[in-house]
Number of protein chains: 2
Amino acid sequence: MEKKFVYTFGGGSAEGGESLRNLLGGKGAGLAEMSNLGIPVPAGFTITTEVCTYYYKHQASYPEGLREQVDQALKRIEQIMDARFGDAERPLLVSVRSGARMSMPGMMETVLNIGLTSRTLPGLISWTNNERFAYDAYRRLIMMYADVVMEKAEGIEPPEDQGIRLVLEREMDRMKEQRGVSLDTDLTAEDLKALVDIFLRKVEEVLGRPFPDDPYEQLWGGIGAVFRSWNGKRAVAYRRIEGIPDDWGTAVNVQAMVFGNTGERSATGVAFTRNPATGEPVFYGEWLPNAQGEDVVAGIRTPLPLNKAGKVGEAASLPSLEEMMPEVYAQLEEIRQKLERYYKDMQDIEFTIQEGTLWMLQTRTGKRNGTAAVRMAVDMCKEGLISREEALLRVKPEQLDELLHPMLDPKAESATTPLAKGLPAGPGGAVGRIVFTADDAEAWAKRGERVVLVRAETSPEDVHGMHAAEAILTSKGGMTSHAALVARGWGKCCIVGCGELEIDSQGKTLRVRDVVLREGDWITLNGTKGVVYQGQLALLPADPQGNPWYNDLMEWADQIRKLGVRTNADTPDDAALARSFGAEGIGLCRTEHMFFDPQRIMAMREMIVAETPEERRKAIMKLLPFQREDFLGILRAMEGLPVTIRLLDPPLHEFVNLSPDQVQQLAKEMGIPLERLQARIDQLHEANPMLGHRGCRLGITYPEISEMQARAIFEAAAQLTKEGKSVFPEVMIPLVGSVKEFEDQKRIVEDVAREIQQREGVSFPYLIGTMIEIPRACVVADQIATQAQFFSFGTNDLTQTTFGFSRDDAGSFLPVYLEKRILAADPFQTLDQEGVGELMAMGVRKGKGARKDLKVGICGEHGGDPASIAFCHKLEMDYVSCSPYRVPIARLAAAQAALSE
Amino acid sequence: MEKKFVYTFGGGSAEGGESLRNLLGGKGAGLAEMSNLGIPVPAGFTITTEVCTYYYKHQASYPEGLREQVDQALKRIEQIMDARFGDAERPLLVSVRSGARMSMPGMMETVLNIGLTSRTLPGLISWTNNERFAYDAYRRLIMMYADVVMEKAEGIEPPEDQGIRLVLEREMDRMKEQRGVSLDTDLTAEDLKALVDIFLRKVEEVLGRPFPDDPYEQLWGGIGAVFRSWNGKRAVAYRRIEGIPDDWGTAVNVQAMVFGNTGERSATGVAFTRNPATGEPVFYGEWLPNAQGEDVVAGIRTPLPLNKAGKVGEAASLPSLEEMMPEVYAQLEEIRQKLERYYKDMQDIEFTIQEGTLWMLQTRTGKRNGTAAVRMAVDMCKEGLISREEALLRVKPEQLDELLHPMLDPKAESATTPLAKGLPAGPGGAVGRIVFTADDAEAWAKRGERVVLVRAETSPEDVHGMHAAEAILTSKGGMTSHAALVARGWGKCCIVGCGELEIDSQGKTLRVRDVVLREGDWITLNGTKGVVYQGQLALLPADPQGNPWYNDLMEWADQIRKLGVRTNADTPDDAALARSFGAEGIGLCRTEHMFFDPQRIMAMREMIVAETPEERRKAIMKLLPFQREDFLGILRAMEGLPVTIRLLDPPLHEFVNLSPDQVQQLAKEMGIPLERLQARIDQLHEANPMLGHRGCRLGITYPEISEMQARAIFEAAAQLTKEGKSVFPEVMIPLVGSVKEFEDQKRIVEDVAREIQQREGVSFPYLIGTMIEIPRACVVADQIATQAQFFSFGTNDLTQTTFGFSRDDAGSFLPVYLEKRILAADPFQTLDQEGVGELMAMGVRKGKGARKDLKVGICGEHGGDPASIAFCHKLEMDYVSCSPYRVPIARLAAAQAALSE
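Residues numbered from 1 in each chain as written. Chains lettered and ligands numbered in written order. Predicted model: local features only at pLDDT ≥ 70, side-chain atom pairs only at ≥ 80, totals over all residues. Heavy atoms only, no water.

(A) Focus on unusual backbone geometry. Residues and elements named next belong to chain A. Even without being a glycine, N113 presents a positive backbone phi close to 65°. Among the secondary structure elements, N113 is positioned in strand 5 (residues 110–114). Assessed through its relative accessible area of 1%, N113 is described here as buried. For E876, which is not glycine, the phi torsion reads 60° and is therefore positive. By the secondary structure assignment, E876 is in the loop between helix 35 (866–874) and strand 32 (879–882). (Helix = DSSP H or I, 4+ residues; strand = E, 2+ residues; numbered from the N terminus. Buried < 20%, exposed > 50% of the residue type's maximum accessible area, 1.4 Å probe, protein only.)

Now the structure itself:
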């Protein structure tokens, strides 16, 4: 049998349906399915995506048999619609539209009114008895076809301002000028008739060939244009961003035209079966009488509310379809219910009413925001439409972000022109006044001002100002820069790498092209999208716990997921926040941030410049009371839950990153010669600090540090145990690459634990484990697991060493890698499963092989990334750990991973 | 049956022998074997190393049954030696000596004359009829025993100058003073008798308990002291250095005393069965009449030559044993032959002659230098003692180094006090006058001076001066610093990281403690050991090709080895040198060094600061003629052999590592604003350049670079092909981590190759492959091998990323790691087989799985390390590649690897 390339629909039945979505595309599948459901759809047919693939593999030619199948299908339309293609009396007009497997809105081409020629025009006039309508249809066809088929699809690139569409629009403007009218609709039938003549002449003049007067030539021209638009610049760029494979191809839908603009008994509209902004189970949409679909989108006429429920705000006094055409509305309401029952999801539909008859032109699953997604999923489950499992799969974990952070009001945002764009490093919206230093941020915030801290980049010394600010905006740095990491940890709105900003922190000005902003000026950030606005935009507050649908969904997620969800938190506040978001423990408590407090950093610096172990011990032990307080706070906040505390990790020189003035001052304060201090600082300089003297290498060379930290942890644990609290500290040795490194540090930690338990006369449970964050640790995980009670994959560092990419430096080549598709995604955002993931799998396998009850988790940035969480589930890890604001996202992602098994 | 802990020997037979070396230690096994061979050995027994292990596992106690076995064995000695332990008439005296599996000379304890007590002393006097001898033996026992057993082994740490040995020595000095004599031997029997009394009193006074007067207490005291000395500081440190496992333990040898100091018919001596310095097959040794073994070692009396052949130089007029005791010498010569026939190797022996009777006290395989090792191995093979295979295994590959480089004359060296010690970065000896800058080095060398370039560290800009110098000495840097890498590549003597040097390059002085050296002063370097001497020491020239034994050995090695041996060479000179050493191709030709020539670096810098692809292309193409010349030279030098050329690898900023003055000058020369140049240089700065914008990341972001390099390679190949030469260029893409990176670069290289072959109308074979040097490449090697024709493991970088260690920064913790035994060896010197090696094994397995004929090699520093070469052989690699001077070493190591299968 010949291969089937064409699937018909309409007239109460269809050859295809939703099950053939990959072949028919989304639009074609929807039209076919609606036909099957008995919903009125103008008859038509779909040319499959396979033809598109064939077209690109065979130098823009079509497979054998296609033309015959198209002719056959066209005949079926003619029968159903009682009209004939190219016929002088009852001419059939068709639309030619794209339709890929996944929606690519506006990215490909459409041609309407195909079939209008000098021969069929009179027939349309006499049949509709509307000369103006017919000439208007004709001029629309010429304009669209000349642009899309004759120019763009042929690859002609005219000079700017010389494109055929612009040429024709100028002719239309001239006509309106001549007639002294301002709206297209004010042109008469005579005017349009004259305009059509001018259009036909201009097309031939500009493009060098006449506008085709043969309906079949028009049809195949349209089909070819749609296929070619699959590889148009916009479409390709969109696919890059959305990760849609190039070889999926688009289908082509050819469908009988119906017209909403034939008079007052005609209309057109778009609707959502539920409110896409709130999730409320209310029919929601807009319509326009006597209009074509494009008029609703164009926004020249104000659309009317679909129903009485939609008559709110400015629309309160406008007539609704429910009131104006009650029968049609009732029919639409019935279709709405039918579609939701069938698709079991909210649908985004388009319809046209021609002379009182309702035609459905499209149905597809509607896009919605996070709030709506959560509510719809939970509601539909409670309505019995979908199961709990389906409800859980219905919400993209990332969408929860919206519920957790204040968001910019989308309406305010769409009405404002962005000032600049950067990388979306911390989600949510924020409004504040510009300050340029951390100290200013703190000072302004103290007197009650909301501020946005704007800097080229941030360093650990800026942390107090970052904390005081509503949001952080930097001109340099990437998604894992200091600013980004800190902001994400706090769930703070943050945009980084906003290269357009020229920041003069001395002069306290910020320039973006010709806009100059000064300290105190208002600025608004959309950290979810990375967009910066000038001035103050409205914010919508966040209150997830007050949202019953959110609470239900999270509860269901917790029942299903197998992965535990912990948080990365360094302070009692963060810990408490994460706990309120459902964190089941701390997976990573970094201790280095604790050292940057001015009170403490001096002792740290003394320790660093110490020349003997005794001096070093003396200095480091000054930090003991502070650290003990830190751990008391955190262990108390996490009472009853495990808390993984990582021993000191960063290169020591980070603590003595000082200006010459500061060095001088420090030497004075410490009472040591400047030269000696400077020499020590120089000595600490490293060519590649990421691969340098850090992690357990610190604790091995300076055992006093590990001892002090262990002492602080266990003294805190002992004190809380005496208070009757249950604590579960887990001491994590960082950057281990061999079992001997681990043993060395383990011995120190165990000795201290034993000593303190004996001295204090209490006993508490504790674990000692390690971070797996360099490739060698994965390779010798079996050896390490003989000693370590848990593994926590530090995938940030593991990604760096597995790829040999420095996060701080990858900015110079990663963008090119993504653009050239050498990498599918930034491996610091989404786990590289075939490289890094393979090493992790090896680590888990070898580790569990050596110790059956080895506890395994992940605490890198990937711990909050849904795709990476799914991978961790597959590896049968015990938990993921992420920043507090990612905890709900991780809970849902973990449930989805369990469901996708 | 009870476990056997004690093995007897002597009297013409023994319970053990060489086959039980691990149990009996080297000394014990040798004594037993000599007994079995009928060689006269004082009777004795060996307590096994198992007892040592037991001792340490059981709180310094002995296994059950040991005492009985010792008593039994002691009885056997008494029978053979016709004397009784503790007997008042014919007292048996014994020595107690350590003896580990591997020789640890001087690291553990020995006690002689055990069994002398107030009861047995008269017996010894009457039996030997030599009162002076007996009291001398007694005072030696007290001195040694009090020190070794009563003080050290008990862990007593007296204040400096208060140790019992010093206390007793002071008493002896006082006695000599009183008697008005200067030599110990001038003290009379009466004197010694008085001294013994003083000694006994002092021991009790200082150590708080009497000297034991029970022979069994003495014996067990001695045994315990030997076991305890296994964990003495010196022994532990020695094991760390030599890589001897702690759990091997030492045996204890208890043996009847014989005395070489009973009169003129007695003597003692040491000998080698062949000359250990030259390998000549001549009996070589020294002796002293009327002396104990320690007297030969102490160096107070000048030892006499063993035989007539040894009467050369200063020894020419001294009496030889051969002349003085011809029968004993004949007996010794017979033993020499017997031992060589049995051991099939050169033996290092100790003997004592007591009243004309020869006793052998030790035989062990003798240490020898490289020259001697090669000659002995080849000679013994030709003598039929050993097979060719055994001959090849007899020489440590590292020992060949001596034959390849001029060496310091060991005699001159042993007579000179070192000035400083650093890391032995480039082997061999060198003598020259100090210069402090590269320009000075070049200028002085041009006028015929031999110079040593002394710097804090070197950079690529110093290369001309490094080349001109005899040797390079730096105060900073490690074994893989710039200076070390460059020097090793040239086979140049080099010492790095010599921290004691205070270099003032402005003032042109060099200070080591209180010695100040100035420009032009002479200095001598032993680069094999890392020792620096003041002044000029004698050098021995190198001429391996003129050494017939070396040539034979290399020929045999080539017949046996399976691994190919290539070289890392960047210039035609290096290539030719390596070829003369037997290199079978170039495994790594780095192209970046070629860019540092002043003529070229300007074009390189222009390329770097270019702002458009066109500017960049224009600049880079200026380098094409230079690069083509480079490759013409190298391909010509390697005609008929494969040449692997790596495309540009290092971070771009290395080319613009400039002082502010230089930046200003460059801006002027290039005619661009200073700010623009400085901004671009700042932009190139990287936090972790090792993980930054380098390797194929350069070629992917700047494809013009790869294109230019490919063009230079293939234009050179085309020209040589036209000249009738056969060339085999292999283009190597560096730092690949994913197959897509490789594909991107491969396409560029293939396009250029096709274009040039067509344009020039010639065809030549070429390969395109990649360096495997980051962990991800090993993990996805199967994917990469679908595209790459060869893999070359870049183990330097692979070690860095697998461990997360930066070579440049590891100096701050690696020494501690080695000291604490966290790492057994520096992984940059010897391949880490269980970590890095495991990833390599994965890479080879996956790579060959995807492409059966994949060519696999190694081109990191490890390619010249024998242990690493053995590992490469095991992985069935095709070749190793190393610096020219390592080529002979690699050839031998590869043969040994093949033999060890």
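Still to come is the rest of the account.
(B) Main features of the sheet that holds strand 7 (residues 267–272) of chain A. All names here are of chain A. Strand order across the open sheet formed by five strands is 9-8-7-10-11, with antiparallel pairing between neighbours. The strands lining the two open edges of the sheet, one partner per strand, are strand 9 (304–305) and strand 11 (357–365). Pairing of strand 10 (residues 347–354) with strand 11, which is carried by eight bridges, proceeds in the antiparallel orientation. Residue T352 lies in a different strand from strand 11, and its bridge partner there is W359. (Pairing = 2+ DSSP bridges.)

(C) The nonpolar core, seen in detail. Core analysis: the largest hydrophobic core is formed by 285 residues, its most contacted members being F714, F793 and M840 of chain A together with F714, F793 and M840 of chain B. Beyond its immediate stretch of four places on either side in the chain, F714 of chain B contacts V731, V749, V752, A753, I756, F764 and Y766 of chain B. In this structure, L93, F211, Y238 and V254 of chain A belong to the second largest nonpolar core, which totals 78 residues. (Core = buried A, V, L, I, M, F, W, Y, C linked by side-chain atoms within 4.5 Å. Contact = heavy atoms within 4.5 Å.)

(D) Local environment of the pattern of salt bridges. A complete count under the given rule lists 130 salt bridges over all chains for this structure. One salt bridge in this structure joins D570 of chain A and R590 of chain A, with 3.3 Å as the shortest N-O distance. Residue D570 of chain A is located in the loop between strand 25 (564–568) and helix 21 (572–580), and its partner R590 of chain A is located in strand 26 (residues 586–590); the two are separated by 20 residues in the primary sequence. For D87 of chain B, the salt bridge goes to R84 of chain B, with nearest N and O atoms at 3.7 Å. Sharing partners across several salt bridges, the network here consists of R617, R628, E707, R711, E715, K722, E755, R759 and E760 of chain A. (Salt bridge = Lys/Arg side-chain N within 4 Å of Asp/Glu carboxyl O.)

(E) Focus on helix 13 (residues 370–382) of chain A. Residues and elements named next belong to chain A. Over its 13 residues, helix 13 runs 18 Å from end to end, which matches the ideal 18 Å to within 8%, given 1.5 Å per residue. Where burial is concerned, most of helix 13 is hidden: 11 out of the 13 residues are buried. Looking at helix 13, one finds that the buried residues are G370, A372, A373, V374, R375, M376, A377, V378, D379, M380 and C381. The secondary structure elements touched by the buried residues of helix 13 are helix 12 (326–343), helix 14 (388–394), helix 15 (401–404) and helix 20 (548–560). The backbone nitrogen of T371 lies 3.3 Å from a side-chain oxygen of the residue at the head of helix 13, namely N369. Just downstream of helix 13, G384 is the residue with a positive phi angle, here 85°. (Expected span 1.5 Å × (residues − 1). Polar contact = N/O pair within 3.5 Å; in protein donor to acceptor, adjacent residues only side chain to side chain.)

(F) Broad picture of the relation of the copies chain B and chain A. When chain B is fitted to chain A, the residual RMSD is 0.5 Å, and the transformation amounts to a turn of 178° plus an axial shift of 0.1 Å. What we have between these two chains is a two-fold relation. Among all C-alpha atoms of chain B, that of N688 of chain B lies closest to the rotation axis, at 1.9 Å. (Least-squares fit on C-alpha atoms with pLDDT ≥ 70 in both.)

(G) Representation of the sheet that holds strand 11 (residues 357–365) of chain B in the model. Taken together, five strands build an open sheet; the order of strands is 9-8-7-10-11 (chain B) and the sheet is antiparallel. The open sheet has two edge strands with one neighbour each: strand 9 (304–305) and strand 11 of chain B.

(H) Local environment of the interface of chain B and chain A. Each partner contributes to the interface: chain B provides 45 residues, whereas chain A provides 46 residues. Scanning the region where chain B abuts chain A turns up six salt bridges. Between D744 of chain B and K820 of chain A there is a salt bridge, with its nearest N and O atoms 3.6 Å apart. Taken together, the connections running from chain B to chain A amount to 26 residue pairs in polar contact (both at pLDDT 80 or more). Looking at the side of chain B that touches chain A, the elements that each hand over two or more residues are helix 27 (696–701), helix 29 (739–760), helix 30 (775–779), helix 32 (795–803), helix 33 (814–819) and helix 34 (836–850) of chain B.

(I) Quick peek at the packing of aromatic side chains. Scanning the model with the defined rule gives 39 aromatic pairs over all chains in all. Geometrically, the ring pair formed by F85 of chain A and Y216 of chain A is edge-to-face, given 5.1 Å between the ring centres and 85° between the ring planes. Of this pair, F85 of chain A sits in the loop between helix 3 (66–81) and strand 4 (94–100) while Y216 of chain A sits in helix 8 (residues 215–229); the two residues are 131 residues apart in sequence, bridging distant segments of the chain. An aromatic cluster is present here, built from Y55, Y56, Y62, W220 and F227 of chain A joined pairwise through their rings. In this structure, R101 of chain B is placed above the aromatic ring of W248 of chain B, and the distance from its NZ or CZ to the ring centre is 3.9 Å. One Lys or Arg, R566 of chain B, reaches over the ring of Y879 of chain B and ends 4.0 Å from the middle of that ring. (Phe/Tyr/Trp six-rings, centres within 6.5 Å; stacked < 30°, edge-to-face > 60°. Lys NZ or Arg CZ within 6 Å of the ring centre and 35° of its normal.)

(J) How the structure looks around the pairing of strand 19 (residues 501–504) of chain A. All names here are of chain A. The pairing of strand 19 with strand 20 (residues 509–512) spans four bridges and is antiparallel. Each residue of the ladder has a partner; that of E502, found in strand 20, is R511. Where strand 19 folds back onto strand 20 in an antiparallel hairpin, the turn is made up of four residues, including K508, whose phi is positive at roughly 50°.

(K) Layout of the state of the cysteines. Residue and element names in this part refer to chain B. For the coordinates displayed, the defined rule picks out zero disulfides over all chains. No disulfide involves C872; its sulfur sits 11 Å from the nearest other cysteine sulfur, which is in C859. A relative accessible area of 0% places C872 in the buried class. (Disulfide = S-S within 2.5 Å.)

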